[in-house]
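# Architecture and fold: a report
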Amino acid sequence: MADCQCDDAGGLTLSPRELYDRLTEQGDQVRTLKTAKADKADIDAAIQSLLKFKLDYKRITGQDYKAGCPPSEDAVAHDNGPSEDGADTVDPWNVSTTNAKGVDYDKLIVRFGSSKIDKELVDRLEEVAGQKAHRFLRRGIFFSHRDMNLVLDAYEKNKSFYLYTGRGPSSGAMHVGHLIPFIFTKWLQDVFDIPLVIQLTDDEKYLWKDLTLEECHHYAMENAKDIIACGFDVNKTFIFSDLDYMGSSPEFYRNVVKIQKHVTFNQVKGIFGFTESDCIGKISFPAIQAAPSFSSSFPHIFQGRKDVPCLIPCAIDQDPYFRMTRDVAPRIGYTKPALLHSTFFPALQGAQTKMSASDPNSSIFLTDTPKQIKNKVNKHAFSGGKDTLEEHRKHGGNPDVDVSFMYLTFFLEDDEQLEKIRQDYTSGALLTGELKKLLIDTLQPIITEHQLKRKEVTDDMVKQFMTPRPLNF
Ligand code: TRP
């Protein structure tokens, strides 16, 4: 407990218990101001500090603040490498920042030691791929990488590579944010014409969440349908549930054991913040997420070849797993996987955190109706617009903190139209309600189409994708 401390806004070092008490006080303060019908600016400021304390609390204890429930004894920080005090929190379990524009991704590149996807790399990708870069690359949504140049070097010499991505099936309800890596991976598969493996970590969710094995496995099968609906080519794609595949593949399990032998408890403690009181399943799980990075884990696809390079598109919060993977690879005679990292898909309430499937109002779900989408965007999407029409026309809105604008950067294909929207919103010519309508009109058909495609996915198709078999490439 003694080392679970942080710097709060005032530069004071607080323990989880002290932070908990501060939070409780701050909550009371907000209620008092509201009851007293205080100035809106004062109430907003008090709410802002409350939010910041809550984020700090989650970062330090790994738990959500609950009034009346002080932090438990085993509350612990996830120390994710050399993060300075006050830095954004980014690890596989938590993403938060106090900045309304979202996480500072340039700083993250420095902290994680990855490389920026710069214009030069995007140009090179376009050249090798022979087509215009995906909008996620053009707009910096995939913003960071490791060794992408090596993959392209090899590809230019007619050496193939394969793609690996995954999903932790913690519920049957997927939201639009979950689609980002899959939309991009599908583009990479089409462009490079290469095999793809998709890991569904039902074992991981069983270890981390209060769910039964059967529930996790069921969610894996349900999520597989949403993934298949993204349009992957069944002849080039293998989707697997860890609970099913691990036990059926001696080669996969041998790689898991090799990795386990070459990573110490101290190392995973440093990378993931595990403690002595975490179950041993969690402590050894990173080896299972690492194993698909090596082609020998899939003999039916690569015929035992150990040297097919792997490229992993993922959100940046998964990087700790692959820092570990890249560290062990040379020690067990394998090639390090390359990576492409994406930013997070912001919650409707603002870019301080990512969308969460457990908060229905923070997310647009793949099952939402057009009406629900409209209501959620209108009611909950954080606006960078001004309070009154007059002020908005005069000073304009701020697209950098506006969630509707951010979502358009993910989903609106036309670069010129997007730029015009940015300019009009900034100048005040475009109002918040009009911006929201543009987003609603963009999202509704995308979600409806996804639902239609998902309906067409039969159990038989799921079985086909999930059967270990040779792939064509
Ligand atoms: N751990 C990831 C999650 O909880 C799932 C995952 C497994 C993954 N392997 C991956 C994600 C590879 C990206 C790339 O969502």
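The structure this text deals with has already been given above.
This one's a predicted model, so the numbers in the text were calculated from it and none came from an experiment. (Residues numbered from 1 in each chain as written. Predicted model: local features only at pLDDT ≥ 70, side-chain atom pairs only at ≥ 80, totals over all residues. Heavy atoms only, no water.)

All right, on to the pattern of salt bridges then. The full count for this structure, using the stated rule, is 30 salt bridges. Across the salt bridge formed by R326 and D147, the nearest N and O atoms sit 3.0 Å from each other. Taken together, the residues R326 in helix α15 (residues 319–328) and D147 in the loop between β6 (142–146) and α6 (148–156) connect sequence positions 179 residues apart. Where K420 meets D424, a salt bridge forms, and the shortest distance between an N and an O atom there is 2.7 Å. On the criterion of helical spacing, the pair formed by K420 and D424 is a turn pair, its members being four residues apart in helix α19 (residues 415–427). Connected through salt bridges with shared partners, the residues K132, R135, R138, R139, E413 and D415 form a single ionic network. (Salt bridge = Lys/Arg side-chain N within 4 Å of Asp/Glu carboxyl O. Helix = DSSP H or I, 4+ residues; strand = E, 2+ residues; numbered from the N terminus.)

Moving on to the site of the ligand. For the ligand, the set of nearby residues contains 14 residues, the closest of which are Y164, Q199, E204, Q289 and Q318. Within the contact set of the ligand, a nitrogen atom lies 3.0 Å away from a side-chain nitrogen or oxygen of Q199. At 3.0 Å, a side-chain N or O of Q318 approaches a nitrogen atom of the ligand. Protein contact buries 89% of the 360 Å² of open area that the ligand shows by itself. With four residues, the single largest contributor to the shell around the ligand is strand β7 (residues 162–167). (Near = heavy atom within 4 Å. Polar contact = N/O pair within 3.5 Å; in protein donor to acceptor, adjacent residues only side chain to side chain. Areas by Shrake-Rupley, 256 points an atom, 1.4 Å probe, with all protein chains shown as cover.)

This part covers the packing of helix α18 (residues 403–411) against α19. Two elements in contact, α18 and α19, have axes whose closest approach is 10 Å; the angle formed by their N-to-C orientations is 170°. Here α18 is positioned roughly antiparallel relative to α19, judged by the angle of their axes. Across the interface between the two elements, F405, L408 and T409 from α18 touch L418, I421 and R422 from α19. For the contact of α18 with α19, a count of residues per class yields four nonpolar, one polar and one charged. (Axes fitted to C-alpha atoms, helices over the stretch in contact; angles between N-to-C directions. Parallel < 35°, antiparallel > 145°, perpendicular 65-115°, else oblique. Contact = heavy atoms within 4.5 Å. Nonpolar A, V, L, I, M, F, W, Y, C, P; charged D, E, K, R; others polar.)

What follows concerns helix α20 (residues 432–455). If you check α20, its first and last C-alpha atoms are 34 Å apart, about what 24 residues at 1.5 Å a residue would give, namely 34 Å. Three or more residues of α20 are buried, namely T432, L435, K436, L439, I440, T442, L443, Q444, I447 and H450. Buried residues along α20 sit in contact with α7 (176–192), α9 (213–228), α16 (370–380), α17 (389–395), α18 and α19. (Expected span 1.5 Å × (residues − 1). Buried < 20%, exposed > 50% of the residue type's maximum accessible area, 1.4 Å probe, protein only.)

Once that is clear, we can look at the sheet that holds strand β9 (residues 237–241). The seven strands are arranged β5-β6-β11-β10-β7-β8-β9 in an open sheet whose pairing can be described as mixed. Strands at the two margins of the open sheet, each flanked by one partner only, are β5 (115–116) and β9. Note: β5 against β6, two bridges, orientation antiparallel. Bridge pairing links S115 to H145 in β6. (Pairing = 2+ DSSP bridges.)

Here F411 is to be found in helix α18. For F411, a relative accessible area of 6% gives the class buried. Through-space distance from the C-alpha of F411 to that of I180 is 9.7 Å; in sequence the pair is 231 residues apart. Not counting chain neighbours up to four residues away, the residues in contact with F411 comprise R135, V176, I180, I183, F345, T442, L443 and I446.

What follows deals with the nonpolar core. By size, the foremost hydrophobic cluster in this structure holds 69 residues, and its most contacted members are F142, F192 and I364. Among the elements that take part in this core, α7 stands out by supplying nine residues, more than any other. Setting aside its immediate chain neighbours within four residues, F192 contacts L125, V128, A129, L152, Y155 and F161. Of all hydrophobic cores here, the second largest spans 39 residues; its members include I259, F294, I301 and L471. (Core = buried A, V, L, I, M, F, W, Y, C linked by side-chain atoms within 4.5 Å.)

With that settled, consider the pairing of strand β8 (residues 196–200). Most of β8 sits inside the fold, with five of its five residues counted as buried. On β8, burial covers both faces: L196, I198 and L200 on one face and V197 and Q199 on the other are all buried. Here β7 runs beside β8; their pairing, made up of five bridges, is parallel. Each bridged residue has a counterpart across the sheet, and for G166 the counterpart in β8 is Q199.

What follows is about the state of the cysteines. In this structure the tally under the stated criterion is zero disulfides. In this model C279 remains outside any disulfide bridge; the closest cysteine sulfur is found in C216, 12 Å from its own. By relative accessible area, C279 is classed as partly exposed at 35%. The thiol of C314 is unpaired, and the distance to the nearest cysteine sulfur, on C310, comes to 10 Å. A residue is classified by how much of its surface remains accessible, and C314, at 6% relative accessible area, is buried. (Disulfide = S-S within 2.5 Å.)

Looking now at the packing of aromatic side chains. Within the structure shown, the criterion is met by 35 aromatic pairs. Taking the centre distance of 6.3 Å and the plane angle of 65° together, the rings of F136 and F410 count as edge-to-face. Pair noted here: F136 is in helix α5 (residues 135–138) and F410 is in helix α18, with a separation of 274 residues, a long-range link. Considered together, F136 and F410 belong to a single accessibility category, that of buried residues. Taking 4.6 Å as the distance between ring centres and 75° as the angle between the ring planes, the aromatic pair formed by F345 and F410 counts as edge-to-face. Remark: F410 occurs in helix α18 and F345 occurs in the loop between β11 (338–342) and β12 (346–347); sequence separation between them is 65 residues. For the pair F345 and F410, a shared accessibility class is recorded, and that class is buried. Three or more aromatic residues link up through ring pairs in this structure, and these residues are F136, F142, F184, W187, F345, Y407, F410 and F411. Taking NZ or CZ as reference, R323 lies 4.4 Å from the ring centre of F112, over its face. (Phe/Tyr/Trp six-rings, centres within 6.5 Å; stacked < 30°, edge-to-face > 60°. Lys NZ or Arg CZ within 6 Å of the ring centre and 35° of its normal.)

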